[in-house]
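# An overview of the molecular structure
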Amino acid sequence: MCIRDRSLPSFKSSKAVIPDETYLYIRDNDTGKREQINISAKEEVVIGKDGQYLSDTEERILLRAIKENGKNLVRLTVESGKVILIKAGSTKEEIVIEQNIFNRDIIKFANYQIRVSGFYLEKDIN
């Protein structure tokens, strides 16, 4: 019988986490106020109603870390309200329900504009 010692440093959690050095740059469209949020190494980030950030708004979105094809990605899930996503390098706005987000993507949420900035959040170009 083999018993694995789970306290060994080589044993790692299989849960996906948002990569290191990943930030959200938030701009309030009414006041022009800007804020930087470090979301590195979290499993999920709730923004908006009852969330960790921008909890003054009645809307809510959820950013959840996922692994897809061995890559760390972030899934944007809209739980209420209208959220518009603009992909990096595009001028086309699309209303989203659930979507992967990547470096430099912009999320328009309630009265805020959120830009994702993460060194490891890179889109595959095939």
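One can find the structure itself at the top, above this paragraph.
Right, let's walk through the structure included here. (Residues numbered from 1 in each chain as written. Predicted model: local features only at pLDDT ≥ 70, side-chain atom pairs only at ≥ 80, totals over all residues. Heavy atoms only, no water.)

With that settled, consider the sheet that holds strand S8 (residues 98-101). An order of S3-S4-S5-S8 is seen for the 4 strands of this open sheet, with the pairing classed as antiparallel. The open sheet has two free edges, formed respectively by strand S3 (44-48) and S8, since each of these has just one partner strand. Looking at each pair of strands side by side, their axes are set apart by 25° on average, direction ignored. Sheet topology note: the strand S5 (residues 71-80)/S8 ladder contains 4 bridges and is antiparallel. When the bridges of S8 are listed, Thr-77 appears paired with Glu-98. (Pairing = 2+ DSSP bridges. Helix = DSSP H or I, 4+ residues; strand = E, 2+ residues; numbered from the N terminus. Axes fitted to C-alpha atoms, helices over the stretch in contact; angles between N-to-C directions.)

Before going further, it helps to examine the pattern of salt bridges. The final tally for this structure, using the stated rule, is 6 salt bridges. Put simply, Arg-75 and Glu-98 hold a salt bridge, and the shortest N to O gap is 3.9 Å. Of this pair, Arg-75 sits in strand S5 while Glu-98 is found in strand S8, placing the two residues 23 residues apart along the sequence. Between Glu-93 and Lys-108 there is a salt bridge, with the nearest N and O atoms lying 2.7 Å from each other. With Glu-93 in strand S7 (residues 93-95) and Lys-108 in strand S9 (residues 106-109), this residue pair connects regions lying 15 residues apart in the sequence. (Salt bridge = Lys/Arg side-chain N within 4 Å of Asp/Glu carboxyl O.)

Take the sheet that holds strand S1 (residues 22-28) next. With antiparallel pairing, 6 strands are arranged side by side in an open sheet as S2-S1-S10-S9-S6-S7. Two strands close off the open sheet at either side, each with one partner strand: strand S2 (34-38) and S7. Here the average twist between neighbouring strands, direction ignored, is 25°. Pairing of strand S6 (residues 83-86) with S9, which is carried by 4 bridges, proceeds in the antiparallel orientation. By the bridge assignment for S9, Ile-84 is matched with Lys-108.

Such coordinate-based values are descriptive only and should not be taken to indicate function.
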